[in-house]
Amino acid sequence: MDRLQAMRIFAQVVESGGFAPAAKRLHMSAPSVTRAIAQLEDNIGTRLLVRTTRSMKLTSAGEGYAVDCRRILADISEAEANAAGSYTQPAGVLTVTAPVLFGRIHVLPAILDFLRLYPNMKVKTVFVDRVTNLVEEGLDIAVRIASLPDSGLIARRVGSIRQVLCGSPEYFARFGEPQTPEDLRHHQVIGRDGLFGQSEWLFGKASNIRVPINSSLICNTNDTAIAAAIAGAGLSRFQSYQVAQDVKAGRLKIILADYEREPVPIHLVHSEGHMVSARVRAFMDFTVDHLLGQANASIAQEASF
């Protein structure tokens, strides 16, 4: 069998999660798909998939090969589209990752508008609250909310996010408002796994004010911590976009704004270097403009993401 066709079959098996659904999508018989994968493994000289009567999973070699297949097949699709003269209308599949809440609030609207503008495109979202590896996980574009270390990624800055301390009106009515970061020693604090889960919080533009934190409640999700703060369980720290609607509605109040750290930059990044494909270039240009427009609107309202 043609090696390229075998790669397409393998990629479809991985995407579909099994031989039978892949065969259905490819309009092939299940035995034909099974033989194609077996022949591909023989040609490569290693096992790509572990198959049982009930399940299928990738080997470590298969995981790496799946990522390479997606990239190669996408490049071929791009080259064929360019050769056919359709490069002015990007086509194909694009995978975009972002933090869950930021993705839902800010990235998803950009994606929906992008799909209306480019009907030949398909976008897959991977919204997760962890740092993803674009190359290893087969992702095209990522939103990074952080100061970026030196890497092979191409980045474009699209705004910044404040780190804010919040509490509910009910809490402040009972316990009063802290006037300085040191006052937090005498207040109830909602802790967090991850970004704000440290045993001490830093304040000030130079991050030179350190305050030990003793949390009576530790939450593992943003939604849980926000709900607890709204319920008056204590004070907690968030990225500003996560509580923007609750602050606007009066359910939460930002305090100690004069002691906030420097805002955290937001970047849109990809790993394609300077030979960027049309679909990635089109989405980057479109989404950068979209997010910069939101950031400028937020600045005009004296707010931020």
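Residues numbered from 1 in each chain as written. Predicted model: local features only at pLDDT ≥ 70, side-chain atom pairs only at ≥ 80, totals over all residues. Heavy atoms only, no water.

Caption draft 1: View of the overall build of the protein. For the protein, the helix and strand inventory stands at nine helices and 14 strands. Put simply, the protein has 305 residues, and 42% of those count as buried. (Helix = DSSP H or I, 4+ residues; strand = E, 2+ residues; numbered from the N terminus. Buried < 20%, exposed > 50% of the residue type's maximum accessible area, 1.4 Å probe, protein only.)

Caption draft 2: Main features of the nonpolar core. Core analysis: the largest hydrophobic core is formed by 25 residues, its most contacted members being Phe-102, Val-143 and Ile-145. Counting only elements with at least two residues in this core, the list comes to strand S3 (92-98), helix H5 (100-117), strand S5 (141-145), strand S6 (154-161), strand S14 (264-270) and helix H9 (278-300). In terms of residues, this core owes the most to one element, H9, which gives six residues. What Ile-145 contacts, discounting residues up to four positions off in sequence, is Pro-99, Phe-102, Ile-161, Gln-239, Tyr-241, Val-264, Pro-265 and Ile-266. Membership of the second largest hydrophobic core comes to 17 residues, among which are Ala-6, Ile-9, Leu-48 and Ala-66. (Core = buried A, V, L, I, M, F, W, Y, C linked by side-chain atoms within 4.5 Å. Contact = heavy atoms within 4.5 Å.)

Caption draft 3: Highlighting the pattern of salt bridges. Enumeration over the complete set of coordinates arrives at ten salt bridges. Where Arg-156 meets Asp-285, a salt bridge forms, and the shortest distance between an N and an O atom there is 2.7 Å. Taken together, the positions of Arg-156 in strand S6 and Asp-285 in helix H9 put the pair 129 residues apart, joining distant regions of the chain. Look at Asp-285 and you get partly exposed, because its relative accessible area is 35%. (Salt bridge = Lys/Arg side-chain N within 4 Å of Asp/Glu carboxyl O.)

Caption draft 4: Spotlight on the sheet that holds S6. Here we have five strands laid out as an open sheet, ordered S4-S3-S5-S14-S6, and mixed in their pairing. Sheet topology places strand S4 (121-127) and S6 at the edges, where each strand pairs with a single neighbour. Geometrically, the sheet is characterised by an average inter-axis angle of 20° between neighbouring strands, direction not taken into account. Running at roughly 180° to S4, H5 makes contact with S3, S4, S5, S6 and S14 of the sheet. (Pairing = 2+ DSSP bridges. Axes fitted to C-alpha atoms, helices over the stretch in contact; angles between N-to-C directions.)

Caption draft 5: Region of interest: the packing of aromatic side chains. For the coordinates displayed, the defined rule picks out seven aromatic pairs. An aromatic cluster of three or more residues is present, and its members are Phe-114, Tyr-118, Phe-283 and Phe-286. (Phe/Tyr/Trp six-rings, centres within 6.5 Å; stacked < 30°, edge-to-face > 60°.)

Caption draft 6: Up close: the sheet that holds strand S12 (residues 236-239). Overall, antiparallel pairing links the three strands, which are arranged S12-S7-S13 in an open sheet. Looking along the sheet, the strands with just one partner apiece sit at the ends: S12 and strand S13 (253-255). Neighbour to neighbour, the strand axes of the sheet diverge by 50° on average, direction disregarded. Two elements, strand S7 (residues 163-167) and S12, share four bridges in a ladder whose sense is antiparallel.

Caption draft 7: Summary view of the side chain of Asp-246. Relative to the helices and strands, Asp-246 is located in helix H8 (residues 240-248). Aside from chain neighbours lying at most four places away, what touches Asp-246 is Ile-226, Ile-230, Arg-251 and Leu-252.

Caption draft 8: Broad picture of the environment of Val-14. Checked against the element boundaries, Val-14 lands in helix H1 (residues 3-16). Other than its neighbours up to four places away in sequence, Val-14 contacts Leu-58, Ala-66 and Arg-70.

Caption draft 9: Looking closely at the pairing of strand S10 (residues 209-212). Examined bridge by bridge, strand S9 (residues 200-203) and S10 share four bridges and lie antiparallel to one another. Note that in S10 the partner of Phe-203 across the bridge is Ile-209. Hairpin connection from S9 to S10: five residues lie between these consecutive antiparallel strands, with Gly-204 at a positive phi of about 90°.

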